[in-house]
Amino acid sequence: MTGLTTTLRMMTAALLIAAIAPAVRAQQAPLQDKPFAEHKIVLQLSDNDPRKQGLVLSVASNLMKHYDPDKVAIEIVAFGPGIELLRPENPNRKMVESLVAQGARFDICLNTVDTFERENGKRPEFIAAATPVQVGVAQILFLTENGYTLVRP
């Protein structure tokens, strides 16, 4: 019986860990590892307006050019309708991926993704370059509390 009890305890523990792991993983993205960054900026995107998407991408690109990618930490947090920027079919996908290659990070709010799934019956797809965070606004607060300047173009 002892072997069976131990096995059942281990299986129960494994199931509990498996159940909470996705929630723990998506809580907040850790701060970027940019030891030489002299400037830290978080850009908020909460609109599905192509002009605002273009403006956010333009601001990020201009900052990369002005300061050098190693000297600036840029994080774009998309929530609400703003997550449309991170959909695979978005026409700005190449620009997003180019900025990621230069060191920018794009966070996607999983609360928004969950809401879209409830409303439409299907979970929306988003690009692999997007970093999932549970609450987009909480990620913005976390970043501003850690020295990032919030910009909402």
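Only a predicted model underlies this, so the values are computations on that prediction, with no experimental measurement involved.

K.L.:
Would you explain the overall build of the chain in this entry?
P.N.:
Summing up its helical and strand segments, the chain has five helices and five strands in all. Its helices and strands in sequence order give the chain the pattern α-β-α-β-α-β-α-β-α-β, from N to C terminus. Scored against the burial criterion, the 153 residues of the chain give a buried share of 36%. As displayed, the chain offers around 8900 Å² of accessible surface, 59% of which is attributable to carbon and sulfur atoms.

K.L.:
Please clarify how the sheet that holds strand β3 (residues 105–109) should be interpreted in this entry.
P.N.:
Hydrogen bonds between backbone atoms are what pair the strands of a sheet, whose relative direction is either parallel or antiparallel. Spatially, the five strands line up as an open sheet ordered β4-β3-β2-β1-β5, and their pairing is parallel. In the strand order of this sheet, the two ends are held by β4 (130–133) and β5 (149–151), each with one partner. Across the sheet, the axes of successive neighbouring strands diverge by a mean angle of 30°, strand direction being ignored. Alignment of β3 against β4, held across four bridges, turns out to be parallel. Residue aspartate 107 lies in a different strand from β4, and its bridge partner there is threonine 131. Of the strands in this sheet, β1 (39–45), β2 (72–78) and β3 are in contact with helix α2 (residues 50–67), which crosses β1 at around 170°.

K.L.:
Help me understand unusual backbone geometry in this model?
P.N.:
Apart from glycine, the bulk of residues carry a negative phi angle, and the bulk of peptide bonds sit in the trans form. With a phi angle near 85°, aspartate 68 is a residue other than glycine that sits in the positive phi range. Tracing the backbone shows aspartate 68 in the loop between α2 and β2.

K.L.:
Help me understand the confidence of the model for the chain in this model?
P.N.:
A low pLDDT score tells you not to read the predicted coordinates there in detail. With 82% of its residues at a pLDDT of 70 or more, the chain shows a mean pLDDT of 87. In the predicted structure, residues 4–26 sits below a pLDDT of 50 and forms four contacts with residues beyond four places in sequence or in another chain.

K.L.:
Hey, could you run me through the packing of α2 against helix α3 (residues 93–101) in this one?
P.N.:
Helix packing for two helices is described by the angle between their axes and how far apart those axes are. Two elements in contact, α2 and α3, have axes separated by 11 Å at closest approach and are oriented at 30°. With respect to α3, the element α2 is oriented roughly parallel. Every pair of crossing elements has a handedness; the one defined by α2 and α3 is left-handed. For the pair formed by α2 and α3, the contact residues are Leu57, Ala60, Ser61 and Met64 on the first element and Met95, Val96 and Leu99 on the second. Split into classes, the residues belonging to the contact of α2 with α3 amount to six nonpolar, one polar and no charged.

Definitions and limits used
- Residues numbered from 1 in each chain as written.
- Predicted model: local features only at pLDDT ≥ 70, side-chain atom pairs only at ≥ 80, totals over all residues.
- Heavy atoms only, no water.
- Helix = DSSP H or I, 4+ residues; strand = E, 2+ residues; numbered from the N terminus.
- Buried < 20%, exposed > 50% of the residue type's maximum accessible area, 1.4 Å probe, protein only.
- Areas by Shrake-Rupley, 256 points an atom, 1.4 Å probe, with all protein chains shown as cover.
- Pairing = 2+ DSSP bridges.
- Axes fitted to C-alpha atoms, helices over the stretch in contact; angles between N-to-C directions.
- Contact = heavy atoms within 4.5 Å.
- pLDDT = per-residue confidence, 0-100.
- Parallel < 35°, antiparallel > 145°, perpendicular 65-115°, else oblique.
- Left-handed = near helix turned anticlockwise from the far one by under 90°.
- Nonpolar A, V, L, I, M, F, W, Y, C, P; charged D, E, K, R; others polar.

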